[in-house]
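Residue strings, one per chain:
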Amino acid sequence: MIELDRVSKRIGEAVIVDEVSLGIAEGELCVLIGSSGAGKSTVLKMINRLIPLSAGSIRFAGTDVTHIPPEDLRRRMGYVIQSIGLFPHWTIARNIGTVPELLGWPAARIGARVDELLSLLKLDPASFRGKYPHQLSIGQQQRVGVARALAADPDVLLMDEPFGALDPLVREELQDEILRLHRDSHKTILFVTHDMDEALKLATRIALMDRGRLVQAGTPAELLAAPATPFVRDFVGGRDRGIKLLLVERVTQHMRAGTDREGEPIAADATLHQALSQMVSQGVDRLAVVDGEGRVIGTLHLADIVRR
Amino acid sequence: MKNRSRAWRDPLLWSIAVFVLAVALMPAAKPLFAALFPSLERPLYEQDSFAALALSHLLLVGASSAAAGIIGIAAGIFVTRPAGAEFRDIVETLIAIGQCIPPVAVLAIAVPLIGFGGEPAFIALALYGLLPIVHGTIAGLGTVPAAVAEAARGTGLSPGGILWRVELPLALPVIVGGLRTATIINVGTAAIASTVGAPTLGSPIIIGLNGNNVAYVIQGAILAGLMAIALDLAFGRVIALTQRWKTA
Amino acid sequence: MPRNRVLFILVLVGLAAALGLAFLTAAPNRLVSGRPIAMVETLQAARWLIAVPGLVLAVAAFRTPRPAVCTVAALAAAALLVALPWLAGAQAAFLAEQASPAARTSLGGAFWTIEICAALALRDALDRLGLRAPGKLSALVVVLGALSWLALSGRLDALAITREFLTREDAFGAAARRHVLLVGAALLPTLLLGFPLGILAHRQPRLAPGIFTTLNLIQTIPAIALFGLLIAPLSGLAALFPALARLGVAGIGVTPALIALTFYSLLPLARNTAEGLASVPAAITEAASGLGMRPRQIFWRVEFPLALPVFLAGLRIATVQAVGLAAVAALIGAGGFGAIMFQGLFADALDLVLLGALPVIALGIVADAFFRLAAARFAKSPA
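All residue numbers here refer to positions counted from 1 along the written sequence of the relevant chain. All chains are assigned letters beginning with A, and all ligands numbers beginning with 1, in the order in which they are written. Where totals are concerned, whole chains, interfaces and linings use all residues; where local detail is concerned, this predicted model gives features only for residues with pLDDT of at least 70, and gives and counts side-chain atom pairs only at 80 or more.

A. Molecular detail of the overall build of chain A. Under the scheme used here, helices are H or I runs from DSSP no shorter than 4 residues and strands are E runs no shorter than 2 residues, and both carry numbers assigned from the N terminus. Of the regular secondary structure elements, chain A holds 14 helices and 13 strands. Between the two quantities, the radius of gyration covers C-alpha atoms and the globule rule is 2.2 Å times the number of residues to the power 0.38. A compact globule built from 308 residues would reach a C-alpha radius of gyration of about 19 Å, and chain A, at 22 Å, matches this within 12%. Oriented by its inertia axes, the alpha-carbon framework of chain A measures out at about 60 × 50 × 35 Å. Residues with at least 20 neighbouring C-beta atoms inside 10 Å of their own are called buried, those with 12 or fewer are called exposed, and the rest are partly exposed, where every C-beta is derived from the backbone. Counting every position in chain A, which comprises 308 residues, the buried fraction comes to 39%. By definition, residues are in contact whenever their C-beta atoms, placed on the basis of the backbone, come within 7 Å of each other. Within chain A, contacts between residues separated by at least 24 positions form 62% of all contacts whose residues are at least 6 apart in sequence.

B. Representation of the interface of chain B and chain C within the structure. Residue-level contacts link 37 residues of chain B with 36 residues of chain C. Of all the elements in the fold, those that place two or more residues in the side of chain B that touches chain C are α5 (88–98), α6 (103–114), α9 (159–192), α10 (202–210) and α11 (214–241) of chain B. Ranked by residue count, the leading element in the side of chain B that touches chain C is α11(B), at ten residues. Three classes are used: nonpolar for Ala, Val, Leu, Ile, Met, Phe, Trp, Tyr, Cys and Pro, charged for Asp, Glu, Lys and Arg, and polar for all others, with Gly counted as polar. Among the residues forming the side of chain B that touches chain C, the class breakdown is 27 nonpolar, seven polar and three charged.

C. Here's a closer look at the interface of chain B and chain A. With 15 residues of chain B at the contact, the number on the chain A side is 18 residues. Sorting the residues of the side of chain B that touches chain A by element identifies α8 (146–155) and α9 of chain B as the ones contributing at least two each. In terms of residue count, α8(B) provides more of the side of chain B that touches chain A than any other element does, seven residues in total. Residues that form the side of chain B that touches chain A fall into these classes: nine nonpolar, four polar and two charged.

D. Representation of unusual backbone geometry in the model. A positive phi is found at R6(A), a non-glycine position, where the angle reads about 45°. By the element assignment, R6(A) lies in strand β1 (residues 2–11). Judged by the 11 C-beta atoms lying within 10 Å of it, R6(A) is exposed. The phi torsion at N212(B) lies on the positive side, around 55°, for a residue other than glycine.

E. Quick look at the sheet that holds strand β2 (residues 35–37) of chain C. Residues and elements named next belong to chain C. DSSP calls a pair of strands paired once it identifies at least 2 bridges connecting them. The strand order across the open sheet built from three strands is β2-β1-β3, with neighbouring strands paired in antiparallel fashion. Looking at which strands have only one partner, the edges of the open sheet turn out to be β2 and β3 (104–107). Here the average twist between neighbouring strands, direction ignored, is 25°. Here four bridges tie strand β1 (residues 24–27) to β3, and the two strands are oriented antiparallel to one another. When the sheet's bridge partners are listed, A26 is paired in β3 with T105. Fitted lines through C-alpha atoms serve as axes, helices being fitted only where they are in contact, and the angles separating the N-to-C directions of these axes extend from 0 to 180 degrees.

F. Seen up close, the pairing of strand β13 (residues 296–301) of chain A. Residues and elements named next belong to chain A. Of the pairings in the sheet, the one linking strand β12 (residues 286–290) to β13 comprises five bridges and is antiparallel in character. Note that in β13 the partner of A288 across the bridge is T299. If you look at the hairpin formed by β12 and β13, you'll find five residues sitting between the two strands, and G294 has a positive phi there, around 95°.

G. Spatial organisation of the sheet that holds strand β2 (residues 14–24) of chain A. Residues and elements named next belong to chain A. Strand order in the open sheet formed by four strands is β2-β1-β4-β5, and the pairing between neighbours is antiparallel. Because the sheet does not close on itself, it has two edges, and the strands there are β2 and β5 (63–64). As paired strands, β1 and strand β4 (residues 55–60) are joined by five bridges and run antiparallel to one another. Paired with D5 across the two strands is S57, which belongs to β4.

H. Here's a closer look at the confidence of the model for chain A. The score called pLDDT rates the predictor's confidence residue by residue, from a low of 0 to a high of 100. For chain A, per-residue confidence averages 90 on the pLDDT scale, and residues scoring 70 or more make up 100% of the total. Across chain A, the secondary-structure element scoring lowest on mean pLDDT is helix α12 (residues 241–248) of chain A, at 82, and the one scoring highest is strand β8 (residues 188–193) of chain A, at 96.

I. Broad picture of the arrangement of the chains. The interface with the most contacts, out of two pairs of chains in contact, is the one formed by chains B and C. With respect to C-alpha atoms, chain A approaches chain C no nearer than 16 Å, and the pair has no contact.

J. Focus on the environment of S83(A). With respect to the helices and strands, the residue S83(A) is situated in the loop between β6 (77–81) and α3 (92–96). Classification of S83(A) as partly exposed rests on a count of 19 C-beta atoms within 10 Å. When the C-alpha atoms of S83(A) and I138(A) are compared, they prove to be 9.6 Å apart, with 55 residues separating the residues in sequence. In this view, S83(A) contacts A165(A) and A147(B); residues no more than four positions away in its chain are not counted.

K. A look at the confidence of the model for chain C. The pLDDT averaged across chain C works out to 88; a share of 99% of its residues lies at or above 70. Across the predicted assembly, pTM comes out at 0.83 and ipTM at 0.84.

Quick look at the structure:
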């Protein structure tokens, strides 16, 4: 969907982005991560041409982005930023309808889409449609920000540290929303953050940057299990690497057939982290694994968690 | 029902009503002025009708504020765009120095250059009105939060679209504030403009000062003051209207 | 393509003025309009050198504004600023030799336009060099010094504006003293009334809307109208209490001017006092209180010093406004530079108008600069 080929950005003498090559496939939730100043926001903003490239090329759905008029390009991508940026003088409904209005959708269609998106993001359309941004909490505002980005059903969603300004509880809720959205719509999402736990939770693929360079790209498990450099190893988990690996692996991947069990069963799609936590709190070393309907489909042993 | 009772207490409507009544009824107050100033031969200004003077005063102020508004807002927008950023320092210097120049001086300089009458007054008022309007436009556009501008760009609005749909509406209260300042100053300067032959509500005042006729002075002063207050309240109402979303 | 678009525009405007407007106007007497004298007419022999700084600026407009280029541009602009009056004075002297004593040579549109463009070009060059207040101030002092030398050495004596000044030097001096007196004398009552009003508005927020609405009302009334409205009551008072009349209180003249000036200065002062106090973070006053400071100590040692920059800005606005209003007060007989200005206005003599207007503008600029510097000096960065 998006291909970056040796993309660089220089400002004067400083090299902000250094020959980054990355491919983002359709349907991926790719997290671009690195410490502050690593250049990840810059890469994102070069994709929707908010910042011009110094060198290299970026292709979107096969076409070079510099061959697409910038406004048209941005209308085909959703853009969510940390400071949210809702238009304070427009109602929530009008905010969400920004791009559809630009694209000339009929009013009825825009209204329906606004209600659809508000429901999707767990905001009651009737009460939120006519409110103004300053009347909403920050968490609600960012939900509207996401809704606005999705309004015209873009091919790609670009998110630049969208949950950085939210408190931990709200952040977790919205992370779950994004996961659910991605699972249901299979949209391509490019997500920038500096929070490793957030990346491990959301990503199907992680691209780690350091001082402008792409250091390693791969699935969360790959980065945890096979870090390319000491920097990757330390950034991704350091001494907690083992525990973090448990975050990204599912019970189904390690269960065995059989009927030994003790205590409460564990869901098949739970993470090993949750399974271990349950074993510890119940004081058992094996759990029954159940599917969505509650039927037992296997067992998980503590030994299988550790010996992987 | 609620709207009707609020209208009764609306200061703007009251001030307009008082002004209009004062203009209409001033001639009827002749006996009052005769009684207050028995030594005056002519206790009431009768060379022009107060209504005509008020109208020409409003016209002069309105035309000059409109002209200054168009040029000033355009200049303010230009100077805050990337293309015009180079010129911003010089424009702000000119504004700072311009605000040290009393409006009456602009009038006094314009006359020997252009002649007597309404033209030098119009030009002087328009020129002087540019200052608060450009200043207000620059300041107003500066109140737009950076996050909002960035989000607008990222959404795919064109630069013109961002200016028209996002920046200007958000900047409007301060821009109208600049228009208000320019207009109220111009009302005062236009009153003095009667010294250069532009008929305004200042004419009774100036003629009264020259001829030691205190009654003339008071009549002109009351009407000029009432008009200024009504205009000021009207602008205040407009500014409040541009901010309705804030009080939702 | 010009690299310095500001300088380019200034050069274009200056050039257009030099070619299209009159540099000087010469008239046989005050009643007749002057014959325009174009700039080229004045350029004989070595005088063509004056074109050099102009050319330098034109070239500089096309170069990237690096420090070297900007320094050269600044020097050229400063040279032009001083050379132009010199040229005008020299030409006026030359014409005066051949004309009658009643003849007058006035500065024309080209002169003023090019002078303003040169001043702006100097400002632009100094800005691009990154100079801050002290550097710019020094440059200003140097240019003003050179111009003063020009004036004092008599080289500008033949110009009409100087002639007007010389024929009424005493009146000019009196006007200057009166104008400064008006502005200065209004300062004390303004501070005595406006400062406490501002504090009150800040301490009692319920009273603030009422206070500011009233002051705003006063501010809205046109100056000449307020002056006019004060005449009757004041003359009445002076008639009722002869003691007041002996003190100098009268319906027209200085008294209504001072009262009106005070009224007009109240809003900027009170408003900025309140805003300045409001800008002091509550945490700081809380800390002061917690350390054991008494309310009066907190105010004078903590709140007021921190509010000072905004307060001084209010004083600046009030003073500059007062300088301008004092000029209007001439219409009710208060004297000052406005008297000279209106005299020129009624006589249709631009030079006389300028003799009155330029000092008012200069006074305003000086007051503005003074208070800006004062505010900058007292502005403290947050701890």
